[in-house]
Amino acid sequence: MGKDIWKPGTVIYPVPAVMVSCGTMEQKNIITVAWTGTVNSDPAMTYVSIRPSRHSYNIIKETGEFVINLVTERLTYACDFCGVRSGRDLDKFETMHLTAKKGEKVNTPIIYESPVNIECKVKEIIPLGTHDMFLAEVVSVQVSDEYLDETGKFHFDRAKPICYSHGAYYGLGRKIGTFGYSVRKKEETKPVKKPEKKPAKGKTKKSSIKKKSKKK
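Here is a short report on the structure shown in this document. Bear in mind the structure is a predicted one, so any value in this text is a computation, not a measurement. (Residues numbered from 1 in each chain as written. Predicted model: local features only at pLDDT ≥ 70, side-chain atom pairs only at ≥ 80, totals over all residues. Heavy atoms only, no water.)

Focus on the packing of aromatic side chains
Summed over the entire model, instances satisfying the criterion amount to five aromatic pairs. Aromatic side chains tyrosine 164 and tyrosine 169 sit 5.3 Å apart centroid to centroid with 55° between the ring planes, which places their arrangement in the tilted category. Note on tyrosine 169: relative accessible area 28%, which makes it partly exposed. Aromatic rings pair up to connect Tyr147, Phe154 and Phe156 into one cluster. A cation over a ring is seen here: lysine 28 above phenylalanine 93, with NZ or CZ 5.8 Å from the ring centre. (Phe/Tyr/Trp six-rings, centres within 6.5 Å; stacked < 30°, edge-to-face > 60°. Buried < 20%, exposed > 50% of the residue type's maximum accessible area, 1.4 Å probe, protein only. Lys NZ or Arg CZ within 6 Å of the ring centre and 35° of its normal.)

Brief notes about helix H1 (residues 55–63)
If you check which residues of H1 are buried, you get Ser56, Tyr57, Ile59 and Ile60. Looking at the buried side of H1, the elements it contacts are strand E1 (18–23), strand E2 (28–33), strand E4 (45–50), strand E5 (65–70), strand E8 (116–127) and strand E9 (132–143). Looking one or two residues past H1, glycine 64 carries a phi angle of roughly 70°, positive in sign. (Helix = DSSP H or I, 4+ residues; strand = E, 2+ residues; numbered from the N terminus. Contact = heavy atoms within 4.5 Å.)

Quick word on the nonpolar core
Counting residues in each nonpolar core, the largest one holds 18 residues, and the members touching the most others are Val20, Val48, Ile50, Phe66 and Ile68. For this core, the secondary-structure elements that each account for two or more residues are E1, E2, E4, H1, E5, E8 and E9. Listed in part, the 14 residues of the second largest apolar core include Met19, Phe81, Met96 and Ile111. (Core = buried A, V, L, I, M, F, W, Y, C linked by side-chain atoms within 4.5 Å.)

As for the environment of serine 86
Locating serine 86 in the fold gives a position in the loop between helix H2 (76–84) and helix H3 (92–95). A relative accessible area of 22% means that serine 86 is categorised as partly exposed. For the pair formed by serine 86 and isoleucine 30, sequence separation is 56 residues and the distance between their alpha carbons is 8.9 Å. The contact partners of serine 86, leaving out residues within four places of it in the chain, are His55 and Lys92. Of the polar contacts made by the side chain of serine 86, one reaches the backbone nitrogen of arginine 88; its length is 3.1 Å. (Polar contact = N/O pair within 3.5 Å; in protein donor to acceptor, adjacent residues only side chain to side chain.)

Observations concerning H2
Those residues of H2 lying buried are Thr76, Ala78, Cys79, Phe81 and Cys82. Where H2 is buried, its residues meet E1, E2, H3, strand E10 (162–165) and strand E11 (168–171).

Here we look at the sheet that holds E9
Strands pair in a sheet through their backbones, by hydrogen bonds, and they do so in one of two ways: parallel or antiparallel. Ordered by their spatial adjacency, seven strands build an open sheet running E2-E1-E5-E8-E9-E4-E3, and the pairing between neighbours is antiparallel. Looking at which strands have only one partner, the edges of the open sheet turn out to be E2 and strand E3 (36–40). Strand-to-strand twist in this sheet, taken as the mean axis angle between neighbours without regard to direction, amounts to 35°. Note that E8 and E9 share 11 bridges and pair antiparallel. Across the sheet, residue isoleucine 126 finds its bridge partner in E9, namely methionine 133. Sitting on the sheet, H2 is in contact with E1 and E2, with an inclination near 100° to E2. (Pairing = 2+ DSSP bridges. Axes fitted to C-alpha atoms, helices over the stretch in contact; angles between N-to-C directions.)

Considering the pattern of salt bridges
Applying the stated criterion to the full structure yields one salt bridge. In this structure, glutamate 137 engages lysine 123 in a salt bridge whose closest nitrogen and oxygen atoms are separated by 3.5 Å. Taken as a pair, glutamate 137 in strand E9 and lysine 123 in strand E8 lie far apart in primary sequence, 14 residues in all. (Salt bridge = Lys/Arg side-chain N within 4 Å of Asp/Glu carboxyl O.)

Thoughts on unusual backbone geometry
Each neighbour pair has its own omega, and for tyrosine 13 with proline 14 the value is 0°, a cis peptide bond. Turning to its location among the elements, proline 14 is positioned in the segment before E1. The linkage connecting aspartate 42 with the following residue, proline 43, adopts the cis geometry, with an omega of 0°. Mapped onto the elements, proline 43 comes out in the loop between E3 and E4. The backbone of lysine 160 shows a phi angle near 60°, a positive value even though the residue is not glycine. Within the fold, lysine 160 resides in the loop between E9 and E10.

Below you can see the structure in the form of structure tokens.
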């Protein structure tokens with residue numbers, strides 16, 4: 001097995017495909033973004049990288065807010081549409097029949113149909129080249145309660161999330177492990193001994209010796 005040498009490029013795949021809502025309830029838009037992720041745990045921080053030529057770029061720059069809406073299989077069509085059509089020409093919420101609801105901590109609307117809405121406030125805009133990175137702090141998270149169990153645990157897998165890889169959208173496969181499973185000690189299972197059956201009181205075991213029959 002050998003290795004081919006490629007020129008430098010963005011080949012960290014798969015990545016999340018998310019719908020980023022921006023603006024206000026009166027003037028709102030959605031842009032599909034693949035360059036996004038977590039950059040810090042405490043405080044919770046994230047980013048989206050957007051080309052300055054995009055319609056949403058100036059909206060986010062002026063308001064200093066945006067919402068990352070995670071995408072499911074059911075929302076994939078809308079996700080793709082919002083990435084190839086411009087908000088200058090139409091209302092993407094209306095065209096894709098998506099529900100806009102004001103955020104809890106931001107004025108930007110969330111996409112109500114998305115199971116996870118991550119409300120963000122911009123801390124810094126970093127020019128990188130083709131894209132500018134909007135570094136932001138997460139100020140609130142909304143989740144759909146239909147994916148919560150009786151203990152309050154959120155089961156995102158039941159929402160059927162998607163990912164994006166080299167121009168294609170994919171559903172996620174089976175779970176193959178949990179964090180730390182490679183070093184977790186396996187529980188030793190000792191064989192269970194069956195209790196010996198004791199004969200009832202007053203009774204003895206019958207002899208297994210068969211009497212020989214006499215020849216006539």
